[in-house]
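Here's the letter readout for the chains.
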Amino acid sequence: MKKILVLCTGNSCRSQIAEGYLRYFAGDKAEVYSAGVETHGVNPRAIATMAEDGIDISGHTSNNITEYRNIPFDYVITVCDNAKERCPFFPTTARKFHENFPDPAKATGTEEEIMQQFRTVRRIIKDYTQSFVAANL
């Protein structure tokens, strides 16, 4: 079974969404983890937008990259430029992937406008993770 780590700045939105979809698309082909170079807690809007698509991430936790130092990952996916630049070195033979998704947590406007940004990013991440699983697992 492959081990996948999704890495972001605060492990609150993009990495949580990606973890949810990777778990869904990979099924029993992979163990999926997510972490941040910091921990900001799981964003309630990320939970809500994923629930709209039938994926429950309400039990996810916000984890720091140092917690996974001893896990032999097969793949590490950074989902923002900040995490790619700030990721501390840890020994791994994992294949590294990078995609800089927009940060929906920075959206402004009405609640509906903010949620629309979350939905847009969710769709982008869903498409990416589905393709990633098809190509790599």
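These remarks concern the structure in this document. (Residues numbered from 1 in each chain as written. Predicted model: local features only at pLDDT ≥ 70, side-chain atom pairs only at ≥ 80, totals over all residues. Heavy atoms only, no water.)

**Section: the packing of aromatic side chains**
So, point 1. According to the stated counting rule, one finds 10 aromatic pairs in the structure shown.
So, point 2. Here Phe97 and Phe132 contribute two aromatic rings whose centre-to-centre distance is 5.0 Å and whose plane-to-plane angle is 85 degrees, an arrangement assigned as edge-to-face. Taken together, the residues span a long stretch of sequence, with Phe97 in strand S4 (residues 95–98) and Phe132 in helix H4 (residues 111–136) at a distance of 35 residues.
So, point 3. Phe132 sits in the buried class, given a relative accessible area of 4%.
So, point 4. Arranged with centres 5.5 Å apart and planes meeting at 80 degrees, the rings of Phe101 and Tyr128 form a pair that is edge-to-face. With Phe101 in the loop between S4 and H4 and Tyr128 in helix H4, this pair connects stretches of sequence that are 27 residues apart. Accessibility assignment for this pair places Phe101 and Tyr128 in one class, buried.
So, point 5. Aromatic rings pair up to connect Tyr75, Phe97, Phe101, Tyr128 and Phe132 into one cluster. (Phe/Tyr/Trp six-rings, centres within 6.5 Å; stacked < 30°, edge-to-face > 60°. Helix = DSSP H or I, 4+ residues; strand = E, 2+ residues; numbered from the N terminus. Buried < 20%, exposed > 50% of the residue type's maximum accessible area, 1.4 Å probe, protein only.)

**Observations concerning the environment of Thr61**
So, point 1. Take Thr61: it is sitting in the loop between helix H2 (44–52) and strand S3 (75–78).
So, point 2. Through-space distance from the C-alpha of Thr61 to that of Gln16 is 8.6 Å; in sequence the pair is 45 residues apart.
So, point 3. With sequence-adjacent residues up to four places away left out, Thr61 is seen in contact with Asn11, Gln16 and Val42.
So, point 4. In terms of polar contacts, Thr61 uses its side chain to reach the side chain of Asn63, at 3.1 Å. (Contact = heavy atoms within 4.5 Å. Polar contact = N/O pair within 3.5 Å; in protein donor to acceptor, adjacent residues only side chain to side chain.)

**Description of the side chain of His60**
So, point 1. Within the secondary structure layout, His60 lies in the loop between H2 and S3.
So, point 2. Its relative accessible area of 16% is what places His60 among the buried residues.
So, point 3. Separated by 3.5 Å, the side chains of His60 and Glu19 make a polar contact.
So, point 4. Apart from the residues lying within four places of it in its own chain, the contact partners of His60 are Gln16, Glu19, Gly20, Arg23 and Val42.

**A few points about unusual backbone geometry**
So, point 1. With phi around 50 degrees, Asn11 is a residue other than glycine that occupies positive phi space.
So, point 2. Structurally, Asn11 is set in the loop between strand S1 (2–8) and helix H1 (14–26).

**Remarks on the pattern of salt bridges**
So, point 1. One pass over the structure, following the stated rule, counts eight salt bridges.
So, point 2. Here Arg14 and Asp103 are joined by a salt bridge, their closest N and O atoms 3.5 Å apart. Remark: Asp103 occurs in the loop between S4 and H4 and Arg14 occurs in helix H1; sequence separation between them is 89 residues.
So, point 3. Judged by its relative accessible area of 23%, Asp103 falls in the partly exposed class.
So, point 4. When the shortest N-O distance is used, the salt bridge between Arg122 and Glu52 registers 3.2 Å. You can see Arg122 sitting in helix H4 and its partner Glu52 sitting in helix H2, a full 70 residues away along the chain.
So, point 5. Residue classification places Arg122 among the buried positions, given a relative accessible area of 14%.
So, point 6. Here Glu52 falls in the partly exposed class, since its relative accessible area comes to 45%.
So, point 7. Because the salt bridges share partners, they merge into one network encompassing Glu52, Glu112, Arg119 and Arg122. (Salt bridge = Lys/Arg side-chain N within 4 Å of Asp/Glu carboxyl O.)

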